[in-house]
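# Architecture at a glance
Each chain, written out:
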Amino acid sequence: MDMESIVDELLRKDTLGSDIIAWDYLSGGTSSVVAKIQCKNGQSYVVKRNSPNLIYWESVFLQFYEDSTLLPRLVYAAKEYVVYAFLRGDTLSARPEKRKMLQDLTLGLINDYKPILQGWQEQFSWKKFLQQEVMEAEAIIGSYLSDEDVALIMQVVRSQPREHLYLLHGDCGVHNFLFQEGALCGVIDPLHLFGPPMYDFIFAFCSSPDSLDEETLQYGLSFFDKSFAGELYGSVLIGLYIRLARCLLHHPEDLKRYLEAWEYWKLLYYKQKK
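A few points on the structure. (Residues numbered from 1 in each chain as written. Predicted model: local features only at pLDDT ≥ 70, side-chain atom pairs only at ≥ 80, totals over all residues. Heavy atoms only, no water.)

Tallied over the entire structure, the rule returns one cavity of 30 Å³ or more. Of the volumes computed, that of the largest cavity is approximately 180 Å³. Lining the largest cavity are 15 residues, with Trp126, Leu130, Tyr199, Ser235 and Ile238 sitting closest to its centre. Every element with two or more residues in the lining of the largest cavity is listed here: helix H4 (126–141), helix H6 (197–206) and helix H8 (232–250). At five residues, the largest contribution of residues to the lining of the largest cavity is made by H8. Of the residues assigned to the lining of the largest cavity, the class counts are ten nonpolar, three polar and two charged. (1 Å grid on protein atoms, 1.4 Å probe; cavity = no way out; pocket = protein on both sides within 12 Å on 5 of 7 lines; lining within 4 Å. Points joined across faces, edges and corners; volume = space filled by probe spheres on them. Helix = DSSP H or I, 4+ residues; strand = E, 2+ residues; numbered from the N terminus. Nonpolar A, V, L, I, M, F, W, Y, C, P; charged D, E, K, R; others polar.)

This part takes up helix H9 (residues 255–273). Between the first and last C-alpha of H9 there are 27 Å, a value that for 19 residues agrees with the 27 Å anticipated at 1.5 Å per step. For H9, the complete set of buried residues consists of Leu255, Tyr258, Ala261, Trp262, Trp265, Lys266, Leu268 and Tyr269. Relative to the axis of H9, the buried residues are bounded by an arc of 165 degrees and lie together on one face. With respect to the buried face of H9, the exposed residues turned more than 90 degrees away are Lys256 and Lys271. (Expected span 1.5 Å × (residues − 1). Buried < 20%, exposed > 50% of the residue type's maximum accessible area, 1.4 Å probe, protein only. Arc of directions from axis to C-beta.)

Structure, rendered in structure tokens:
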């Protein structure tokens, strides 16, 4: 279903309760097509088309956390697309310092995370998910890290405890954060994932190469009200390892800073083990 047909369907069904006076494409993700719709009543909406499975879980996520101050309000969900209220801000605006961003993310979204519903888990294994993510990252990172580093991260993953599972955003990084006037004002494009809330927190922490230090992380964690079963430094190493692979694919100019952060957190990991 193309975007023109979706707009026609919304008009025909009067889904938005107002005539559509204009619409235009926005930049989307790797698989999605996104448009902004302006209505006669002054309201603006985002229409996002994607595969039915991704659309289903995005609508579930937005409904599950409908009271979050950082998520857009879901207006309508169909098989191939969702409509939600337009959030002002953009991913390219000046970001606040990372400690403030983590504070706002934690208070505005992560602390609202809820355990998954009975029946959602099925055969999902958090440890197997991490193992798969790390194996895929290893194939990309290659010789940028040593064999000892690979052995370390594999051991860290194997030692991860059994976690209580929550419905997570799953791609909770700065590329999916909206900023306005130097403040975090929105989080978009969830990919459904069942795991501990700490995963999204560390994912956000590692998603940009600035301020990857212990003080920044601990400041953000001071607002975190969820239980955490794992070992903090090992969890950060997992997050950094996965991020190193994404950095090589999408932002190779940041590689040096991520490699420095890897050595910094590896040292902290070994120190706390003594």
